Amino acid sequence: MTDTWGTVTAVDDEGATIRVDDSGCGRCREPGGCGGNNLAQLLCRTPRTFRVPNPDRCTVGERVRVGVAEGSVASSALHAYALPVLALLAGALGGSVLAGEVGAIGGSIAGLFIGWLGLRRAQLRGMRDRRLRPWIRS
């Protein structure tokens, strides 16, 4: 399980909004850490917010630990980065074999579209799967 700390910024009947200041897993300075937090701070300075269920009735301003299921971050990264790139390359290669350079361009565009459709399908499936949603850890 991967988790991080955040602050409750709003609550309602359906859940809580959590502002998470850190990016990544928090292992940047440990052996085996990737340093992704440093890159995230450079590229995206605005705090991220997430809607999560609030079964413990946390209050605004409370510091909470937010967890996500083991493997869900890796699966999301695979769908977001690898799937579109692989579809692009497959489309370009297939189009090149069928129709040369013009086919490669058309195949690349088709591959990107197919990659986007796959990413969208994974996103919709993930939104329905409660195991993949973040939650407030006790």
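Our subject is the structure listed above.
Here is a short report on the structure shown in this document. Quick caveat: nothing in here was measured; it's all calculated off a predicted structure.

1. What about the sheet that holds strand β2 (residues 16–20)?
On the basis of which strands lie adjacent, the open sheet formed by five strands has the order β3-β2-β1-β4-β5 and antiparallel pairing. Each edge of the open sheet carries a strand with a single partner, namely β3 (48–52) and β5 (135–137). Strand-to-strand twist of the sheet, defined as the mean angle between neighbouring strand axes without regard to direction, takes the value 50°. As defined by bridge partners, β2 adjoins β3 across five bridges and the pair is classed as antiparallel. Bridging across to β3, alanine 16 finds its partner in valine 52.

2. Focus: the nonpolar core
Counting nine residues, the largest nonpolar core consists of Val8, Ala16, Ile18, Val20, Val52, Cys58, Val64, Val66 and Ile136. Among the elements of the structure, β2 and β4 (63–68) are those that each provide at least two residues to this core. Of all the elements, β2 adds the most residues to this core, at three residues. Ignoring any residue separated from it by four or fewer positions in sequence, one finds valine 8 in contact with Ala16, Thr17, Ile18, Cys58, Thr59, Val60, Gly61, Glu62 and Val64.

3. Considering the pattern of salt bridges
What the rule picks out here adds up to two salt bridges. Salt-bridge contacts for arginine 65 lead to aspartate 3; the nearest nitrogen and oxygen are separated by 2.9 Å. Separated by 62 residues along the polypeptide, arginine 65 in strand β4 and aspartate 3 in strand β1 (residues 2–11) bring together distant segments of the chain. Given a relative accessible area of 27%, arginine 65 falls into the partly exposed group.

Calculation rules
Residues numbered from 1 in each chain as written. Predicted model: local features only at pLDDT ≥ 70, side-chain atom pairs only at ≥ 80, totals over all residues. Heavy atoms only, no water. Pairing = 2+ DSSP bridges. Helix = DSSP H or I, 4+ residues; strand = E, 2+ residues; numbered from the N terminus. Axes fitted to C-alpha atoms, helices over the stretch in contact; angles between N-to-C directions. Core = buried A, V, L, I, M, F, W, Y, C linked by side-chain atoms within 4.5 Å. Buried < 20%, exposed > 50% of the residue type's maximum accessible area, 1.4 Å probe, protein only. Contact = heavy atoms within 4.5 Å. Salt bridge = Lys/Arg side-chain N within 4 Å of Asp/Glu carboxyl O.

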